[in-house]
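Chain by chain, the residues run as shown.
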Amino acid sequence: MNDCLLCEQKIASVPSWKALLALEKQTAICQDCSKKFQRADIKEEDKLLDQVTSLYTYNEAMREYLHQFKFLQDVALASVFANELRTLLKGDPTIVPIPMHPEKRIERTFAPVDELLKSARLPFTHLLEKTGMEAMGEKSKEQRLAVKPLFRLKPGTSVQPSTYILLDDIYTTGTTLRHAATVLKEAGATRVEAVTLIRAER
Amino acid sequence: MVGLNEEVNKIRNGVLRMANTFDPSVRDFLAGRIWLRLHTPFPIETIDAHIQSQHIKTIPGIKTTKTYANQTRHICNRCENTIQSRFTTFDCAKCEGPCTYCRHCLKMGRVSTCTELIVWNAEQPIYPTNHTLAWQGILTPRQQQASNELTESNTKRIPHLIHAVCGSGKTEILFEPIHKLLLAGKRVCIAAPRVDVILELEPRLRAAFPETAIEALYGGAETTTDSAQLILATTHQLYRFRHAFDAIFVDEADAFPYTAEETLRRAVRKAAKPEAPVHFVTATPSDKLLNEIKKTGQISTINRRYHGHPLPIPRYDSLWNYTKHIQKGKLPKKLNNWTEERLRRKEPFLIFFHHIGLMEQAELLFKQLDTRIHAVHASHPDRKEHVQALRNKEVPGLLTTTILERGITIPNVQVAVVGAEQLIFNKGALIQIGGRVGRSEQHPSGDFVLFHHGITYAMDDAKKEIIQLNKGGVPN
Ligand SMILES: [Zn+2]
Ligand SMILES: [Zn+2]
Ligand SMILES: [Zn+2]
């Protein structure tokens, strides 16, 4: 029995054979908290991204979650969606997290997307690196698309003619993911998919 | 402008260093506090200069030791949390190694292995000794006696418990003892587990001590550079104090989460100076607290309300299968009638529920009786406004969780508990809830009904204790 990472209540475990045999997955949050997150399960595709899957909607509970995880730096919360991410992502293709700028990473002390993957016990490879510090928020859509590439291939890495899955925490306009996909495809990837934890309504 | 400020700071800090002196506003703010080095209301350079001149001492955020079994054990140096499950260790990009942070006090800014805390390390500020007690009321003989006994405990520096029934005027008892401490230049804190209690106390204390620097601290209140002599704070806020107070009064000492959390208890102790007494004020002390104070301190009991009328005795009324009825979209008949009666007689009412979900289902049904009836709970965004609306008679009544069990006074309020047999309604909670009824001189009584699906020991114990108190007995 452990405490819910979000509300700190004891997580009531129903005694069952599955639990006794340790077949049941350990849950990081309680039923009540987990009910507050709303599944989106959006799947779509466009020219650059062969498939984009988003797991959850950006509702109040998710907004609070992201605030605590990223702004309050509660690294432990990486495990809240570990089971869901693992179910979706385990398998062959190489997972490529959307990278953070190194300075920003040091400032925050951790990279949230990497932590999500570590928590889900999913292997990943950093193939990309950020080119500049400019934040996307301040620019209009046109400006964003016109700006220089957001990412470049990390020196010393190579891309195979195979499938890659990008991972990011939130999908807002898709610009970030498209920039990342462009770099991978230009380097020889045959298929680039993407998974985001959250899909924000625009 | 920024450039100029930077220059000014540089010069100021240089001067400070050379003269081995300090900025009094930094001292006044930091004295008695334990703060994140990087998040003070002062420029970082100013703090750095004070560290260099040793006016400020740094302390690592987390202390990690190895046990005999070679297991690591962490202690948070801010909140003194030692519950190991409330720590998380991760691979830190800043200190490039395993780094541990405390989840317990996370919301006040994360404290980790590579976070530095700062404390004031030089001469302490001197607090004013001129204060006026503007409160004009007169204490009942019993209140006066308790007040005197409390002052005596302050002199002896022993803990004191004011065990006073709801509506006996507990806060007024504190005025004189606090005034005496302030006159002696002492720093005083009134702490309460719940923000509602702090919000209700603040205007009363400001009115009582008009010349005293008073600050109210609770989650959401902004940090100022003030260094108030009298501080009102939620117990959580005390995590950020250390050896600050000459006396602490913990109001509503038994309210969740104070009793539930050993760490909060330690935080209160840490906020007090090592020799300073920590006092408790409550209507429903736990056995543990009673035993503790019996051994180490003094107890004053007040079993009469200030207006001299007895406490309302709960009456039981069965409300079989109320959950099912409400879930099916039907308000149980007795509950319906009780509410209609209140509406007809224009008596404000509070109806307590044990479960938010059930309460919100019921809210829809109550709205069919009167659309202005609302449900409130701890994280309800409009809680304060709804309670105020009830006071202003803009709404006829509220549905609530136990969050409103204490600290609120509404003249002539009538109270019902739905599901009084539920575990959350223990003896203390029921006594507190009943304590909402009949608080004012004009309306010294009122209905206090326990709607239940079976009678529990807690219900009987609460009733027994109220009857005993009314007879003038001292509960044990
Ligand atoms: Zn929870
Ligand atoms: Zn802590
Ligand atoms: Zn670190």
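If you tally the helices and strands in chain A, you get eight helices and seven strands. Here chain A holds 202 residues, and the buried ones make up 43% of them. A fraction of 70% describes how many contacts in chain A between residues 6 or more apart in sequence connect residues 24 or more apart. Surface summary for chain A: the accessible area is close to 11200 Å², and the carbon and sulfur share equals 52%.

Strands in a sheet are paired, the pairing made by backbone hydrogen bonds, and the direction either parallel or antiparallel. All names here are of chain B. The six strands lie next to each other as β15-β20-β19-β16-β18-β17, forming an open sheet whose pairing is parallel. The open sheet has two edge strands with one neighbour each: β15 (315–318) and β17 (374–376). Taken over all neighbouring pairs, the strand axes of this sheet differ in orientation by 25 degrees on average, direction set aside. Of the strands in this sheet, β16 (349–352), β19 (414–418) and β20 (448–452) are in contact with helix α13 (residues 427–434), which crosses β20 at around 140 degrees.

Contact with chain B, which involves 12 residues of that partner, is made by 14 residues of chain A. Surface buried jointly by chain B and chain A totals about 1200 Å² across both partners, of which 52% is contributed by carbon and sulfur atoms. Area buried by chain B at its contact with chain A is led by Ala93, Arg103 and Arg110 of chain B, which between them contribute 41% of it. Here Glu8 of chain A makes a salt bridge to Arg86 of chain B, at a shortest N to O gap of 3.6 Å.

How big an interface is tends to be stated in terms of accessible area lost as the parts join. All names here are of chain B. Domain assignment breaks chain B into domain 1 (2–120), domain 2 (141–302) and domain 3 (315–470). At the junction of the two partners, domain 2 supplies 15 residues and domain 3 supplies 18 residues. Where domain 2 abuts domain 3, roughly 1300 Å² becomes buried across the two surfaces, and 50% of that area is made up of carbon and sulfur atoms. Contact with domain 3 buries area across many residues of domain 2, yet Cys166, Arg194 and Asp196 alone supply 37% of it, more than any other trio. Seen at the junction of domain 2 and domain 3, the total is one salt bridge. A salt bridge links Arg391 to Glu200; the shortest N-O distance between them is 3.4 Å.

Before going further, it helps to examine unusual backbone geometry. Residue and element names in this part refer to chain B. Even without glycine at this site, Gln54 takes up a positive phi of about 65 degrees. With respect to the helices and strands, the residue Gln54 is situated in the loop between α3 (44–52) and β2 (56–60). We classify Gln54 as exposed; its relative accessible area is 59%. In the Ramachandran plot, Glu80 falls in the positive-phi region, its phi being about 65 degrees despite a non-glycine side chain. Given a relative accessible area of 28%, Glu80 falls into the partly exposed group.

Before going further, it helps to examine the packing of helix α4 (residues 141–156) of chain B against helix α5 (residues 170–183) of chain B. Residue and element names in this part refer to chain B. Relative to each other, α4 and α5 sit at 30 degrees, their axes nearing to 8 Å. Considering the angle they form, α4 stands roughly parallel to α5. Relative to α5, α4 is oriented so that their crossing is right-handed. Residues Gln143, Gln144, Ala146, Ser147, Asn148, Leu150, Thr151 and Asn154 of α4 pack against Ile173, Leu174, Glu176, Pro177, Lys180 and Leu181 of α5.

Let us look at the coordination of the zinc ion (ligand 2). Residues and elements named next belong to chain B. Every protein donor of the zinc ion (ligand 2) is accounted for by Cys76 (SG), Cys79 (SG), Cys102 (SG) and Cys105 (SG), and the metal-donor separations fall at 2.3 to 2.4 Å. Expressed as a motif, the donor residue spacing for the zinc ion (ligand 2) is C-x2-C-x22-C-x2-C. Residue Cys76 is located in strand β4 (residues 72–76), and its partner Cys105 is located in the loop between β6 (97–102) and β7 (116–120); the two are separated by 29 residues in the primary sequence. Neither residue differs from the other here; Cys76 and Cys105 are each classed as buried.

Residue and element names in this part refer to chain A. In the first shell of the zinc ion (ligand 1), the protein supplies Cys4 (SG), Cys7 (SG), Cys30 (SG) and Cys33 (SG), at 2.3 Å from the metal. Coordination at the zinc ion (ligand 1) is tetrahedral, judged from the four donor atoms that bind it and the angles of 106 to 115 degrees they form at the metal. Sequence positions of the residues that donate to the zinc ion (ligand 1) give the spacing C-x2-C-x22-C-x2-C. Linking Cys4 in the segment before α1 (17–20) with Cys30 in the loop between α1 and α2 (31–36), this pair joins segments that are 26 residues apart in sequence.

On to the pattern of salt bridges. Residues and elements named next belong to chain B. With the rule as written, the count across this model stands at 33 salt bridges over all chains. In this structure, Arg265 and Glu292 form a salt bridge, with 3.5 Å as the shortest nitrogen-oxygen distance. Here Arg265, found in helix α7 (residues 262–271), pairs with Glu292, found in helix α8 (residues 287–296); they are 27 residues apart in sequence, far enough to count as distant. Glu292 gets classed as partly exposed once you look at its relative accessible area, which sits at 31%. A salt bridge links Lys427 to Glu465; its shortest N-O distance comes to 2.9 Å. Residue Lys427 is located in helix α13, and its partner Glu465 is located in helix α14 (residues 457–470); the two are separated by 38 residues in the primary sequence. With relative accessibility at 28%, the residue Lys427 sits in the partly exposed group. Of the residues examined, Glu465 reaches a relative accessible area of 8% and is grouped as buried.

All names here are of chain A. Domain boundaries in chain A define domain 1 (1–36) and domain 2 (37–199). Each side of the interface is counted separately: domain 1 has 11 residues, and domain 2 has 12 residues. Buried area between domain 1 and domain 2, summed over both chains or domains, comes out near 780 Å², and the portion from carbon and sulfur atoms is 59%. At the junction of domain 1 and domain 2, the tally comes to zero salt bridges. Counting across the domain 1 and domain 2 interface gives three residue pairs in polar contact (both at pLDDT 80 or more).

With that out of the way, let us pick up the packing of aromatic side chains. Within the structure shown, the criterion is met by 16 aromatic pairs over all chains. With a centroid separation of 6.0 Å and 85 degrees between ring planes, the pair formed by Phe175 of chain B and Phe209 of chain B is classed as edge-to-face. Residue Phe175 of chain B is found in helix α5, and its partner Phe209 of chain B is found in the loop between α6 (195–208) and β10 (214–217); the two are separated by 34 residues along the sequence. With respect to burial, Phe175 of chain B and Phe209 of chain B carry one shared label: buried. Clustering of aromatic rings is evident, with ring pairs tying together Phe37, Tyr56, Tyr65, Phe69, Phe81 and Phe110 of chain A together with Phe90 and Tyr101 of chain B. In this structure, Arg110 of chain B is placed above the aromatic ring of Tyr101 of chain B, and the distance from its NZ or CZ to the ring centre is 5.1 Å. Stacked on the ring of Tyr316 of chain B, the Lys or Arg Lys463 of chain B has its end atom at 4.6 Å from the ring centre.

Rules and cut-offs
Residues numbered from 1 in each chain as written. Chains lettered and ligands numbered in written order. Predicted model: local features only at pLDDT ≥ 70, side-chain atom pairs only at ≥ 80, totals over all residues. Heavy atoms only, no water. Helix = DSSP H or I, 4+ residues; strand = E, 2+ residues; numbered from the N terminus. Buried < 20%, exposed > 50% of the residue type's maximum accessible area, 1.4 Å probe, protein only. Contact = heavy atoms within 4.5 Å. Areas by Shrake-Rupley, 256 points an atom, 1.4 Å probe, with all protein chains shown as cover. Pairing = 2+ DSSP bridges. Axes fitted to C-alpha atoms, helices over the stretch in contact; angles between N-to-C directions. Buried area = accessible area lost by both parts, 1.4 Å probe. Salt bridge = Lys/Arg side-chain N within 4 Å of Asp/Glu carboxyl O. Domains from an automatic or database assignment. Parallel < 35°, antiparallel > 145°, perpendicular 65-115°, else oblique. Left-handed = near helix turned anticlockwise from the far one by under 90°. Donors = N, O, S within 2.8 Å, 3.2 Å for Na, K, Ca; no water. Tetrahedral: all angles 85-135°; square planar, octahedral: opposite > 155°, others 65-115°. Polar contact = N/O pair within 3.5 Å; in protein donor to acceptor, adjacent residues only side chain to side chain. Phe/Tyr/Trp six-rings, centres within 6.5 Å; stacked < 30°, edge-to-face > 60°. Lys NZ or Arg CZ within 6 Å of the ring centre and 35° of its normal.

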